Amino acid sequence: MILNRIGDKFEYEGLTYVIGAPIMGTPESEYEGLYGTITEIRDGEDKETENETPDLYCSFRVPALPYEAKKLEKVFSDLYQQPKTIDDIILDFVILAPPMVEPLDDLKKCRHYPRVCILLEDWAIDGRQGNSFEVYTDLNDAKRVMVQRLEEEQETGCISRWVNQENFMADSIDTIYECYIDGEYCENHYHIAIAFPQLCVSSRFARVMAEIHNTSCLLEDFMSQATGRKEPDKLTDEQYDRMVRDTRFSERLHSALWKNESYREACRQTVSAVAHEFVDEYLKGNAHPDCYTPEQDNPYPLCIGNGSRACGECCLYAEMEAGPWKP
């Protein structure tokens, strides 16, 4: 069997290898960390090697980072026991076994893009410059820290030094504040703002965040049950603190729940009921509210809103926390 058309798929040990799809070399290969694509897959009598696994023909890109290029040169120099440069290393039509290749998701099609808040600070005081940034997932958190930083500068920082000068200039909106000495911006200025970029989130990251949230909720339930019993009174303070922070509880609870046939059946029935509700909504054309206007160039489009008061509370709105409506 020979596969060489773009989009052809090959399943092997639970993984799908696609002709033309992005890949990365794994630690089991001399090409570890290099990015490339699969150009051809051969199996059975059409293989060129005597490996028990299929032959994956891969084409790798030349490392863009000089560090990675030197690392690759060292690997092949050690392998052949003679100096090798990047020009001596074959990167096209490399035959590898499946464990030596990691298929990569399409970043645009297989990712979620929630908006985050980045608190940016930039300053110059008497010519000494600096900047910083912090990432928040909630606008209220970022805004609170922004206000705290601004109050500190107004009370004891650079703003308190400049505010009484005639050439002191300042301007602001709800998420941006900037001040400076007129004619001396490069030497004396302070700028703080909140930006709202989209974060590229992998499915694995989303699962980790969901697990953290679920664990937190389970631990709260655990603490409410534990504190309602007499046995915890016999524990020392140190033992009690360790117990309520022991994350093994969530693992043990998950294991116990999935061993409970009644729980699994109830879960299946609930999922089935909700699935039928969603199917009915889509069949009736009621999957979104009438005002829903999807984002462009987003595989998981949210609504761009219509400027109404309801947008600020709508979970479909792309900028729900920083909506266009102002009270």
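This one's a predicted model, so the numbers in the text were calculated from it and none came from an experiment.

**A short note on the pairing of strand β12 (residues 176–181)**
Burial along β12 is one-sided: the face carrying Tyr177, Cys179 and Ile181 is buried and the face carrying Ile176, Glu178 and Tyr180 is not. Two elements, strand β11 (residues 168–173) and β12, share six bridges in a ladder whose sense is antiparallel. Paired with Asp171 across the bridge in β12 is Glu178. Taking the residues that link successive antiparallel strands as the turn, the β11-β12 hairpin has two residues. Where β12 lies against strand β13 (residues 189–195), five bridges are found, and the strand directions are antiparallel. Paired with Cys179 across the bridge in β13 is Tyr190.

**Some thoughts on the confidence of the model for the protein**
Note that predicted coordinates carrying low pLDDT should not be read in detail. Mean pLDDT for the protein: 84, with 84% of residues reaching 70 or above. Every residue in residues 321–327 is under pLDDT 50, and counting partners more than four places away or in other chains gives twelve contacts.

**Observations concerning the packing of aromatic side chains**
Tallying each qualifying case throughout the model produces four aromatic pairs. Ring geometry for Phe76 versus Tyr80: centroids 6.3 Å apart, planes at 15°, classification stacked. Of the two residues, Phe76 and Tyr80 both sit in helix α1 (residues 66–80), four residues apart, roughly one turn of that helix. In this structure Tyr80 comes out as partly exposed when scored by relative accessible area, which is 47%. Chaining the aromatic ring pairs together yields one cluster made of Tyr31, Phe60, Phe76 and Tyr80. Sitting over the ring of Tyr80, Lys84 keeps its end group 4.9 Å from the ring centre.

**Some points on unusual backbone geometry**
The backbone of Gln81 sits at a positive phi, close to 55°, despite the residue not being glycine. Among the structural elements, Gln81 can be located in the loop between α1 and β7 (94–96). Owing to a relative accessible area of 74%, Gln81 belongs among the exposed residues under this scheme. For Asp126, which is not glycine, the phi dihedral falls at a positive 50°. With respect to the secondary-structure elements, Asp126 resides in the loop between β9 (117–125) and β10 (128–136). By relative accessible area, which is 48% here, Asp126 ends up partly exposed.

**Overview of a nonpolar patch on the surface**
On the surface, Leu199, Phe205, Val208, Met209 and Ile212 cluster together into a nonpolar patch covering about 420 Å² of accessible area. Structurally, the position occupied by Val208 is in helix α4 (residues 203–227).

**A look at the pattern of salt bridges**
This model, assessed by the stated rule, comprises ten salt bridges. Two residues, Arg149 and Glu121, come together in a salt bridge whose shortest N-O distance is 3.0 Å. Here Arg149, found in helix α2 (residues 139–155), pairs with Glu121, found in strand β9; they are 28 residues apart in sequence, far enough to count as distant. For Arg149, a relative accessible area of 21% translates into the label partly exposed. Looking at Glu121, the relative accessible area reads 9%, which means it is buried. Between Arg149 and Glu134 there is a salt bridge, with its nearest N and O atoms 2.6 Å apart. You can see Arg149 sitting in helix α2 and its partner Glu134 sitting in strand β10, a full 15 residues away along the chain.

**A look at the side chain of Arg42**
As for its placement among the helices and strands, Arg42 is situated in strand β5 (residues 35–42). A distance of 2.5 Å separates the side chain of Arg42 from the side chain of Glu40, its partner in a polar contact. Setting aside anything within four residues of it in sequence, one finds Arg42 in contact with Met1, Ile2, Lys47, Glu48, Pro54, Asp55 and Tyr57.

**Notes on α1**
At 3.6 residues per turn, the α-helix brings residues three or four places apart onto the same side. Over its 15 residues, α1 runs 21 Å from end to end, which matches the ideal 21 Å to within 8%, given 1.5 Å per residue. Residues of α1 that are buried: Ala69, Leu72, Phe76 and Ser77. The arc that holds every buried residue of α1, seen down its axis, measures 135°, which confines them to one face. Facing away from the buried side of α1 by more than 90 degrees, the exposed set consists of Tyr67, Lys70 and Lys74. In the stretch just after α1, Gln81 is the one whose phi turns positive, near 55°.

**Structural notes on the pairing of strand β4 (residues 22–25)**
Sheet analysis places β4 next to β5, joined by three bridges and oriented antiparallel. Among the inter-strand pairings, Pro22 is bridged to a residue of β5, identified as Thr37. By the bridge criterion, three bridges tie β4 to strand β8 (residues 101–103) in an arrangement that is antiparallel. Looking at β8, one finds that Gly25 is bridged to Val101.

Reading guide: rules and limits
Residues numbered from 1 in each chain as written. Predicted model: local features only at pLDDT ≥ 70, side-chain atom pairs only at ≥ 80, totals over all residues. Heavy atoms only, no water. Buried < 20%, exposed > 50% of the residue type's maximum accessible area, 1.4 Å probe, protein only. Helix = DSSP H or I, 4+ residues; strand = E, 2+ residues; numbered from the N terminus. Pairing = 2+ DSSP bridges. pLDDT = per-residue confidence, 0-100. Contact = heavy atoms within 4.5 Å. Phe/Tyr/Trp six-rings, centres within 6.5 Å; stacked < 30°, edge-to-face > 60°. Lys NZ or Arg CZ within 6 Å of the ring centre and 35° of its normal. Patch = residues over 30% accessible without salt bridge, like charges linked within 9 Å, V, L, I, M, F, W, Y side chains within 5 Å. Areas by Shrake-Rupley, 256 points an atom, 1.4 Å probe, with all protein chains shown as cover. Salt bridge = Lys/Arg side-chain N within 4 Å of Asp/Glu carboxyl O. Polar contact = N/O pair within 3.5 Å; in protein donor to acceptor, adjacent residues only side chain to side chain. Expected span 1.5 Å × (residues − 1). Arc of directions from axis to C-beta.

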